[in-house]
Each structure stands twice: as C-alpha cells, then as structure tokens.
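One letter stands for each residue in the lines below.
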Amino acid sequence: MRSALQQPFKTAVLVLVWGWLLFLVFTPNLLVVGASVMTRDPGSFISLPITLDAYRQLLNPLYLDVFLHSLYMASMTTLVCLVIGYPFAWALSKVPRQRQVLLIFLLIVPFWTNSLVRTYALKLMLATNGLLNNALMSLGLIEEPLKLLYSEGAVIIGLVYLLLPFMILPLYSVFEDLREDLLRASHDLGAGHFATFVHVIVPLTLPGVLAGVMLVLLPAMGLFFVPDILGGSRNLLVGNVIKNQFLDARNWPFGAAASIVLTLTMAFLMFAHRLSKRRIGEEGA
Amino acid sequence: MKQTLLSLSNLSKQFDGKTVLDSLDLDILDGEFITLLGPSGCGKTTLLRLMAGFEHPDGGTITLASQDLTHTPPEHRPLNTVFQNYALFPHMSVFDNVAYGLKMEKRPKEEIRERVQEALAMVQLQDFARRKPHQLSGGQQQRVAIARAVVKRPRMLLLDEPLSALDYKLRRTMQVELKRLQRELGITFVFVTHDQEEALSMSDRVAVMKDGEIQQLGTPREVYERPANLFTARFVGETNLFPGLVEKTNGDDTVTVDVFGLKRTFAKPDFPLRDGQSLHVLLRPEDIRVLSPEASDGVSGKVVERNYKGSTLDSVIHLDDGTEVLASEFFDEDDPAFDYRLGEPVRVSWVDGWEWLLPEEASPVGEETNVDA
C-alpha cells in the first residue's frame, strides 16, 4: 500500500527530471552538435551535406587570433579574480560568523541588478569624462583624463567586476572546510608559514580554485555584451564571434562549432576538477 | 631521581577576558608519562596547546631543558603533537604524512624512507604506506598520527585526548600500545584526558585539573587513595563521603572521630584539627564491608540496588539516616551464589585504616562536575 502511494510520486519526479534533461539540456546541445557539422544555407540557415568545414574554418588564423585573444582576456580576468578572490575568501572565512553572513550578503547584492545595466554603469565610470577620471584629476594624480574605455583593460575590468563573486564563493567554501588542526599539525611537524601554505593550504583549496576558474574562465569567454559596451571593435570574445555568426553573418554551422569548442573546454576543466577532488579523498574510495 | 625536562612557571592564559589558566606551575620530568586529567573546560587542552606553541601565554614562562620556549613558534619546538582527530593530511598518502616532518627538516631521501618505514613498522602499518588516510579505520589513522609524531624523535610527545574517538575495546588496546611505545622510545609523554580510568592505568603521574588550576599532582595511587581535596576525591573514582565529627585528638598522633555514632580512631591527617570540628571521611566502594544485620559492628541500612559486574557485585545501600553508600565486593570462591535481595537489611562497616580524612571546604561542592568514566 505504501509503495502504491509512493510510486506515482516517484515516477512523476523521475519523468520531470529526465524530461527536463532531455528537452532542455540534451536536445539543444545535440542540435548544436548537429548544426556544427552541417552546411551553411542562406535560406534555411543549415542544410546537408554533413561536413567539418565549420571546424576547419575555426583554424583560420583570423578566428584563431580572436580565440586566442579571447582566451587571453578571459585568462587575465580569471587570474585577477583569483589574485583578489583567494585572499578575500581566506579572510572571509576568518571573520566572526555573524559578520561573515553580512559580507556574503553584500557580495551577492549586485546580482539583483541586471548585469547589462551594471556594465553600462561601469562605462559611465570609466568614460573620459567619467567618475574615475574626474576623481583622479581632482586629486591631482593625473593632468588629463586617461583613456580607459574601449580597451583590453576595460573589458577585463568589466569581466572581473561581473565574475568576481563566482570566484570568491567556491573558494570561501573550501576555506570554510579547511581544518585548523591540519595547519597546526603542519607547524607542529616543523613547517613554517610558507611551507604550510604550499604543502597543505594550496592542495586542500585546489578544488575551490578549479571550481572558481571554471565559473569565471568560461563565462568570461562568452559574455559578449561586455566587449560590446566597453571594448570597442578590437577586443572580441568567443561569445561575440558566436553571437555574430548566428545573428549577423547567419553562419549557424560556424557559430555552433565555436560553441562546441567552448563546451569541450569546460568539460575538460570539470574533469580536472573531479580529479583534484578525488586526490584529497572527498569522493569515492 | 629524574630530571625536569619541561618547566611551566606562573603560566596564565585568558580568552576574551575569561581566565582559562591562572598562574600555573608544573614541572614535567624527563621520560615520564604524565596525564592532565580534568573535566572539559578545566584548561588541560589549553595547557597542552601552550606547550606545543599553538597558543601563547599571557604571562609566565615555558622552559625546556633550560632553553626558554615561551615565544618559540611550534615549528621550532622539539615537541610533537598527536591530535584528537588525528589531523592527518587528507591529500597525502600514509607514507607522505609520516615523511612530512622529515621533509621539512630537509633530510636526505634515503634517510627519510628508512625512518618512515621504521616508524610505520613500530605501529604495525608497514603495509599501508601507500593508502590515503580516508582508506584507513579510526584505529589505523590513530597509529599513523602517532608514527608521524614520533618519527621526528621529539623530546616530548603531546597527546590531546588521542583515544576519545575510538570504541572501548580499541581504546584498551591502544592504551597498552601507547605504554609499550613510551617504554621503547623513552620519550616523555604528556597525555590529556577526561577519562580517570585511562589516567590511572597509564600514567606515572597524574595532574588533576579544575578551573585552570592543578588540584593535585601525584602518582595514580596517591591521587586515588589520598586525594588532596573533595574535587579530586569525587572526580577520580567512585567515592563515599561520610560526615565525621572530631571527638578528641590523641597524644599518639591519632584522632578519634565520630562517624554515624561509631567511634573510630584514625591516624592524624596533615591538616590542623580541633575538637568538635566536622570533616569528611572518604571511603572507596571497595573499602566498604557489608555485614549481616546481626553483626555487632557497623551501621544499619538496607540494600536498594545491586549490579552484577562480573568480577564484583556492586550495591547501593541506604543507611537508616538516608545516607547513600556505594559498595563494591569481590565474589568469594566459597560462595559463588553470593547476592543481595533488594530491601535486604544489612550493616555497613569498612576496613580499618583504609579511610582518608578531608577537611570541610568553604564552598560546598554544589557545582561538582560529573564526568563519564
């Protein structure tokens, strides 16, 4: 009797979960894979025959340049986020519990405003006649306004601004789990602060670092509106390429292929993340 | 006579304005097994951390063999710690955990391998060198933690409730093993526990602590048989405390005390006495003799509880005035069926000369600390 009551509920949940995965995750991705191996068609977007032309086109030095430049900007973004986020998360895990809650809340508040709007706000701040330049000039630090906008730097600043919380939160969680007695044990066994950092703290926080990198690096390559608003024409991301191919150039196979390459990069990073977690024995024995 | 290895003098420590240790003095002798025993919050773990260097005292000094360690960071102290929850590095193999301290000393690879294997053999884990800590049982993790601490050949090993996470049987095995290790290595062990049985069975000396102060320092026998105060008497072992009244002090270093109307003569205790003063007469359950109701000696009462313990029969007896008495009697070969009925009338006496006298204390032990054995 109990199982008869439970069975329909269980079935419904399973159908919902699998249906969701099938129609909203698996199918769209399969369509993208499909589109990437089709031929471009001005009328119906894609058509037969099946070809790897789109992937071959990705190897075109022009696009390779865009991809590498995009990867470079995303990597710099990730690096800056890591350099700021790592000590930030560490410090965050050390403050008293109640203030921790407040600080995490403040970290999340910006999410309540649309990121596009926030990027426009950033544009106003970085503009030649903007807040930052005016402040620096009135402080007498600079004679004439700096040209901050429409540069590689502006794109990276924008990406860091939008993505920093995604670096801090997973790092905060590993620092929270970092047991004080492991650090004591390390000192007890003769390791100074630097050796303890290298041999104990870094390996144990590595899963958080990789999770943060995953959450920053890949979105950083895709957030096309940031270069659109802050970057000018020379600082494109892979996201801009994909968007342009679908919306402007109407080359769906090529856009799809570029998107697949991004997805594969993500899959590789997730695999590395899993390996690092297994190393410290959090999963499976 | 053993020499002092570590000398703690006038140590004080506060946390958030709350005094945890109050000008504490303790000399730890070279090669001894000393236990810091006390209820939780008595400051024993803080004391151990001060020795290890994880905390810094607000006042006082720590001296190891005439070298001042008070402000030396833990990595430069020739002591090692076995942590309560082992604190093994989860990302390192058993071998790398044990090798960690030697690598920090930058020892040659060959020497590290030999010494790690030697240490693992000592705790019978040589076949587990490649495992990760999470692949080991609690007892095995405990052994790795011990191997990791002794591989550095420290002057002293600090053990912070190392057995508290193990089940009863494993705990007994590890107790024996720790004693064996200490004998073989000849290292001074400082052992922290709240388990008085563990403290009595393992230690050369026990320091009973309460409220950041050492209540008594002595051999297990002294602490058990001649407790310095009511706290120690109650914390270490089961205790009967009978109210006594000094009848008269005799010239021959004895004193006559009235206990439940019985006039008993005791050796004079080492605290001042005057006639008519009340005091406590301490008797352990095994000192109590339960006699038949027809006996001429003793105080009358009746059995209210009996517990069969295998080798002993433990009973609770209510005296006629309501006083509760704990008695623990060994089974007699001649009378294997020896037992009590509940409600059975008996008379309670004790072996002369086994009692211990304690003065009344200013603040009665109302807030006594109950701790599981």
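Because the structure is a prediction, the values reported are computed rather than measured.

### Overview of the overall build of chain A
Okay, so step 1: Scanning chain A for helices and strands turns up 12 helices and two strands.
Okay, so step 2: Reading chain A from its N end, one meets helices and strands in the order α-β-β-α-α-α-α-α-α-α-α-α-α-α.
Okay, so step 3: When the backbone C-alpha atoms are referred to their principal axes, chain A occupies close to 80 × 70 × 40 Å.
Okay, so step 4: In chain A, of all internal contacts separated by at least 6 residues, the share reaching a separation of at least 24 is 67%.

### Observations concerning the sheet that holds strand E18 (residues 324–330) of chain B
All names here are of chain B.
Okay, so step 1: Strand order in this open sheet of five strands is E15-E19-E16-E17-E18, and the pairing throughout is antiparallel. At either end of the open sheet lies a strand with only one pairing partner, and these are strand E15 (288–291) and E18. Pairwise comparison of adjacent strand axes, ignoring direction, gives a mean angle of 45° for this sheet.
Okay, so step 2: Sheet topology places strand E16 (residues 299–308) next to strand E19 (residues 345–350); four bridges connect them, and they run antiparallel. Each bridged residue has a counterpart across the sheet, and for Lys302 the counterpart in E19 is Pro345.

### Concerning the interface of chain B and chain A
Okay, so step 1: Facing 25 residues of chain B, the contacting portion of chain A comprises 24 residues.
Okay, so step 2: If you look at where chain B meets chain A, you find zero salt bridges.
Okay, so step 3: On the surface where chain B and chain A come into contact, there are six residue pairs in polar contact (both at pLDDT 80 or more).

### Focus: the UniProt feature "transmembrane region" (unreviewed entry) in chain A
All names here are of chain A.
Okay, so step 1: Per the UniProt record, "transmembrane region" (unreviewed entry) is found at residues 12–38, 66–89, 101–121, 154–175, 196–226 and 252–272.
Okay, so step 2: Helix makes up 93% of residues 12–38 and strand 0%, and the two end C-alpha atoms of the span are 37 Å apart.
Okay, so step 3: Span residues 101–121 is 71% helix and 0% strand, its end C-alpha atoms 27 Å apart.

### Notes on helix H3 (residues 61–94) of chain A
Residue and element names in this part refer to chain A.
Okay, so step 1: Relative to the 50 Å expected for 34 residues at 1.5 Å per residue, H3 spans 48 Å between its end C-alpha atoms, a close match to the ideal helical length.
Okay, so step 2: At Gly85, H3 shows its maximal bend, which comes to roughly 30°, and the proline Pro87 appears one to four places after that position.
Okay, so step 3: The opening residue of H3, the one whose side-chain oxygen lies 2.8 Å from the backbone nitrogen of Leu62, is Asn60.

### Here's the deal with the confidence of the model for chain B
Residues and elements named next belong to chain B.
Okay, so step 1: On average, residues of chain B carry a pLDDT of 87, and 95% of them reach 70 or more.
Okay, so step 2: By mean pLDDT, the top-scoring element of chain B is helix H2 (residues 94–104) (95), and the lowest-scoring one is strand E13 (residues 262–267) (82).
Okay, so step 3: Predicted as a complex, the structure gets a pTM of 0.80 and an ipTM equal to 0.82.

### So, the packing of aromatic side chains
Okay, so step 1: All chains considered together, the criterion is met by 17 aromatic pairs over all chains.
Okay, so step 2: Where Tyr86 of chain A meets Phe175 of chain A, the ring centres are 5.0 Å apart and the plane angle is 70°; that geometry is what we call edge-to-face. In this pair, Tyr86 of chain A is assigned in helix H3 and Phe175 of chain A in helix H7 (residues 152–177), connecting sequence segments 89 residues apart.
Okay, so step 3: On the basis of an interplanar angle of 25° and a centroid distance of 5.8 Å, the ring pair of Phe54 of chain B and Phe83 of chain B is categorised as stacked. A residue pair is termed long-range when its members are at least 10 positions apart, and Phe54 of chain B in the loop between helix H1 (44–52) and strand E4 (59–64) and Phe83 of chain B in the loop between strand E6 (79–82) and H2 qualify at 29 residues.
Okay, so step 4: A cation sits over an aromatic face here: Arg148 of chain B above Phe89 of chain B, 4.9 Å from the ring centre.
Okay, so step 5: Sitting above the plane of the Trp350 of chain B ring, Arg264 of chain B keeps its charged end 4.4 Å from the centroid.

### Brief notes about the sheet that holds strand E11 (residues 240–249) of chain B
All names here are of chain B.
Okay, so step 1: Ordered by their spatial adjacency, five strands build an open sheet running E13-E12-E11-E14-E20, and the pairing between neighbours is antiparallel. Every other strand in the sheet has two partners, leaving E13 and strand E20 (356–359) as the edge strands with one partner each. Averaged over all neighbouring strand pairs, the angle between strand axes comes to 45°, with direction disregarded.
Okay, so step 2: In the sheet, E11 pairs with strand E12 (residues 254–259) via four bridges, with the strands oriented antiparallel.

### Focus: the nonpolar core
Okay, so step 1: Leu6, Leu8, Leu36, Leu47, Met51, Met156 and Val190 of chain B are the most contacted members of the largest nonpolar core, which has 95 residues in total.
Okay, so step 2: Counting residues per element, this core draws most heavily on H7 of chain A, which supplies 14 residues.
Okay, so step 3: Apart from the residues lying within four places of it in its own chain, the contact partners of Leu8 of chain B are Leu24, Asp25, Leu26, Asp27, Leu47, Met51, Thr61 and Ile62 of chain B.

### A closer look at the pairing of strand E17 (residues 312–319) of chain B
All names here are of chain B.
Okay, so step 1: For E17, the tally of buried residues reaches seven of eight residues, placing the bulk of the element in the interior.
Okay, so step 2: Bridge count between E17 and E18: seven bridges; the pairing is antiparallel. Across the sheet, the residue bridging to Leu313 is Glu329, located in E18.
Okay, so step 3: Counting the residues in the hairpin turn of E17 and E18 gives four residues, including Gly322, whose phi is positive at 95°.

### A short note on the UniProt feature "domain: ABC transporter" (unreviewed entry) in chain B
Okay, so step 1: Per the UniProt annotation, the sites labelled "domain: ABC transporter" (unreviewed entry) are residues 6–236 of chain B.
Okay, so step 2: Its end C-alpha atoms 26 Å apart, residues 6–236 of chain B is made of 36% helix and 27% strand.

Rules behind the numbers
Residues numbered from 1 in each chain as written. Chains lettered and ligands numbered in written order. Predicted model: local features only at pLDDT ≥ 70, side-chain atom pairs only at ≥ 80, totals over all residues. Heavy atoms only, no water. Helix = DSSP H or I, 4+ residues; strand = E, 2+ residues; numbered from the N terminus. Contact = heavy atoms within 4.5 Å. Pairing = 2+ DSSP bridges. Axes fitted to C-alpha atoms, helices over the stretch in contact; angles between N-to-C directions. Salt bridge = Lys/Arg side-chain N within 4 Å of Asp/Glu carboxyl O. Polar contact = N/O pair within 3.5 Å; in protein donor to acceptor, adjacent residues only side chain to side chain. UniProt positions renumbered as here; feature names shortened; annotations may be inferred. Expected span 1.5 Å × (residues − 1). Bend = angle between axes of the 7 residues up to and from the residue. pLDDT = per-residue confidence, 0-100. Phe/Tyr/Trp six-rings, centres within 6.5 Å; stacked < 30°, edge-to-face > 60°. Lys NZ or Arg CZ within 6 Å of the ring centre and 35° of its normal. Core = buried A, V, L, I, M, F, W, Y, C linked by side-chain atoms within 4.5 Å. Buried < 20%, exposed > 50% of the residue type's maximum accessible area, 1.4 Å probe, protein only.

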